[in-house]
Amino acid sequence: MKYSIKTPDQMSGHDIDQLAHLAGIGFGQGDTPAMRQDTLDHVMASEQTQFVHEGGDLVAFAMTRECLWRPSR
């Protein structure tokens, strides 16, 4: 498996297409213009997206907007 992280400005149209396709499968909507637009809206609202590829195919992703942890004091 290959892991990568991208910010919205680093993503290509192909990245968005892959995210929308996988999200569409997860939500039972398939590849629709509405699914692609919803995915694009979420990408633009996130700070980063983590990608997991296996054999060249996107198999998982996660979008985050803020740090998920805080430094201990």
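All values reported here derive from a predicted model rather than from experimental measurement. (Residues numbered from 1 in each chain as written. Predicted model: local features only at pLDDT ≥ 70, side-chain atom pairs only at ≥ 80, totals over all residues. Heavy atoms only, no water.)

1. Considerations on the side chain of His53
Among the secondary structure elements, His53 is positioned in strand 2 (residues 48-54). By relative accessible area, His53 is classed as buried at 18%. In terms of polar contacts, His53 uses its side chain to reach the side chain of Gln18, at 3.3 Å. Beyond its immediate stretch of four places on either side in the chain, His53 contacts Met1, Lys2, Gln18, Leu58 and Val59. (Helix = DSSP H or I, 4+ residues; strand = E, 2+ residues; numbered from the N terminus. Buried < 20%, exposed > 50% of the residue type's maximum accessible area, 1.4 Å probe, protein only. Polar contact = N/O pair within 3.5 Å; in protein donor to acceptor, adjacent residues only side chain to side chain. Contact = heavy atoms within 4.5 Å.)

2. Some thoughts on the sheet that holds strand 3 (residues 57-64)
Taken in spatial order, the 3 strands line up as 1-2-3 in an open sheet, and their pairing is antiparallel. Whereas interior strands pair on both sides, the edge strands pair on one side only; in this sheet they are strand 1 (2-6) and strand 3. Within the sheet, the average angular offset between the axes of one strand and its neighbour, ignoring direction, is 20 degrees. Of the pairings in the sheet, the one linking strand 2 to strand 3 comprises 7 bridges and is antiparallel in character. Counted as the bridge partner of Gln48 is Thr64 from strand 3. Contacts from helix 1 (residues 13-26) reach strand 1, strand 2 and strand 3 within the one sheet, and its direction differs from that of strand 3 by about 95 degrees. (Pairing = 2+ DSSP bridges. Axes fitted to C-alpha atoms, helices over the stretch in contact; angles between N-to-C directions.)

3. Description of the packing of aromatic side chains
For any pair of aromatic rings, geometry is given as the distance between the ring centres together with the angle between the planes. Taken as a whole and judged by the stated rule, the model has 0 aromatic pairs. We note Lys6 situated over the ring of Phe51; from NZ or CZ to the ring centre the distance is 5.7 Å. (Phe/Tyr/Trp six-rings, centres within 6.5 Å; stacked < 30°, edge-to-face > 60°. Lys NZ or Arg CZ within 6 Å of the ring centre and 35° of its normal.)

4. Looking at the packing of helix 1 against helix 2 (residues 33-45)
As a packed pair, helix 1 and helix 2 sit with axes 9 Å apart at the nearest point and diverge in direction by 115 degrees. On the basis of their axis angle, the class for helix 1 and helix 2 is roughly perpendicular. Considering how the two elements wind past one another, helix 1 and helix 2 form a crossing that is right-handed. In this structure, helix 1 uses Gly13, Ile16, Asp17, Leu19, Ala20, Ala23 and Gly24 to contact helix 2, whose residues at the interface are Met35, Arg36, Thr39, Leu40 and Val43. Classifying every residue of the contact of helix 1 with helix 2 gives 7 nonpolar, 3 polar and 2 charged. (Parallel < 35°, antiparallel > 145°, perpendicular 65-115°, else oblique. Left-handed = near helix turned anticlockwise from the far one by under 90°. Nonpolar A, V, L, I, M, F, W, Y, C, P; charged D, E, K, R; others polar.)

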